[in-house]
Amino acid sequence: MSNIVCSHVDKSYGSINVISDFNLDVADREFIVFLGPSGCGKSTLLRMIAGLEEISGGTVSIGGTAVNDLEPRDRGVAMVFQNYALYPHMTIYDNIAFGLKRMKVPKEQIDARIKAVSATLGLEPYLARKPTELSGGQQQRVAIARAMIKTPKVFLFDEPLSNLDAKLRHHMRVEIARLHQKLQTTTIYVTHDQLEAMTLADRIVLMKGGAIEQVGSPAEIYEKPRTLFVAGFIGTPNMNFIDATVNRAEDGWLLRTDGADLRIRGHGFALTHGKEVVLGIRPPDLVPADGGEGNVLTGVADLIEFHGNDALVTFKFGGKEIGALVKASGCPAAGDRVAFRFDETRLHIFDKGDGLTLRC
Ligand SMILES: Nc1ncnc2c1ncn2[C@@H]1O[C@H](COP(=O)(O)OP(=O)(O)OP(=O)(O)O)[C@@H](O)[C@H]1O
Ligand SMILES: [Mg+2]
């Protein structure tokens, strides 16, 4: 068993509180991603779990044992950092072997383990080389090998791919996903890259200002963001937000916005007459309206961003820039009048006051 439980975890530096009452159960074998903007406390939490940072309050348990007072080496965790810091004067073999040598593991055992790990990570051809003779992605694999060789109960990754270029990042992301499928080691992975989070995580822990905004599967977080912050953070291109006032109507609700009055049935939302809300619509949920029924946003296209298969059409609606993601073939040109329809089931509604979803 190597589940991780964070219970009422706090962290303060002097009088500055950076993590407050953090609670999370990570299941055995789960792949958890801590996601959030810079400074929200992701690394601090990971370092507390690893034992590199003192825990100010609460308990961290790994495999059922409280580890607050255990040295990092006694926690059964292996951590991979952004700056993988390989020893430049040592061969790849010696870099990978370093931790085990220090633990006085017999030579033959080290050799067998290195063979197995380098086969898993495709590092066999490079074992005699020095780190400078490897590409960034290969060096990152060595850093992972160095962590793997300790057969840890838990892997902790802190932005391990952020030094790599986009293509290599994608490649390594796939490799990390494969590695997890194979080894099934409980993993916490820190990133501020939502694409990395969406593609790797069983569950994402989305953080803001040292606290959890939402925990859920990538699909849950994308489909049912709990707050305006989550809605704005997840999804590319960004969700469109439109201020509205809720009015009771005969067979549902009328949403008054600066650009148009929208009619919805409102099933699944806790709406009240007169409430100030923010509507959220994702760009791919706006589809060209060629007449017909439904809620339509109209305007003049002022920018077309070509993405390949798709194009992002930006237009002004009620004084706000709105983006609609459409098929690139036959998409409008700048200056064209455009009209986009959305389906009520794709609509998000948030309380303008506290930013919480009104979905019930
Ligand atoms: N030694 C310290 N003393 C005081 N404050 C600190 C210290 N270390 C970190 N902090 C503060 O704790 C907060 C969380 O930092 P942390 O490094 O965990 O953020 P992060 O989410 O990992 O950000 P990034 O994405 O930029 O790496 C930040 O506001 C930071 O300024
Ligand atoms: Mg960090």
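Described below are features of the structure shown in this document.

Conventions and cut-offs
- Residues numbered from 1 in each chain as written.
- Chains lettered and ligands numbered in written order.
- Predicted model: local features only at pLDDT ≥ 70, side-chain atom pairs only at ≥ 80, totals over all residues.
- Heavy atoms only, no water.
- Near = heavy atom within 4 Å.
- Polar contact = N/O pair within 3.5 Å; in protein donor to acceptor, adjacent residues only side chain to side chain.
- Areas by Shrake-Rupley, 256 points an atom, 1.4 Å probe, with all protein chains shown as cover.
- Helix = DSSP H or I, 4+ residues; strand = E, 2+ residues; numbered from the N terminus.
- Buried < 20%, exposed > 50% of the residue type's maximum accessible area, 1.4 Å probe, protein only.
- Core = buried A, V, L, I, M, F, W, Y, C linked by side-chain atoms within 4.5 Å.
- Contact = heavy atoms within 4.5 Å.

Here the focus is the site of ligand 1. Taken together, the residues surrounding ligand 1 are Tyr-13, Val-18, Pro-37, Ser-38, Gly-39, Cys-40, Gly-41, Lys-42, Ser-43, Thr-44, Glu-159 and His-192. Within the side chain of Ser-38, an N or O atom sits 2.5 Å from an oxygen atom of ligand 1. Here an oxygen atom of ligand 1 sits 3.0 Å away from a polar atom, N or O, in the main chain of Gly-41. Notes on ligand 1: free accessible area 640 Å², of which the protein chains cover 59%. If one sorts the elements of the shell around ligand 1 by residue count, helix H1 (residues 42–50) sits on top with three residues.

The residue Glu-30 is located in the loop between strand S2 (16–26) and strand S3 (31–35) in this model. With a relative accessible area of 10%, Glu-30 lands in the buried category. Here the side chain of Glu-30 touches Ala-27 through a polar contact of 2.9 Å, landing on its backbone nitrogen. A polar atom in the side chain of Glu-30 sits 2.6 Å from the side chain of Arg-203.

It is characteristic of soluble globular proteins that their nonpolar side chains tend to be buried jointly. If you look at the biggest cluster of nonpolar residues, it comprises 44 residues, and the most contacted ones within it are Val-33, Leu-35, Ile-96, Leu-121, Ile-144, Ile-176 and Tyr-189. Take this core: its biggest share by element is six residues, from helix H4 (residues 136–148). Contacts of Leu-35, omitting those with residues within four sequence positions, involve Lys-42, Thr-191, His-192, Asp-193, Gln-194, Ala-197, Ile-204, Val-205, Leu-206, Met-207, Phe-233 and Ile-234.

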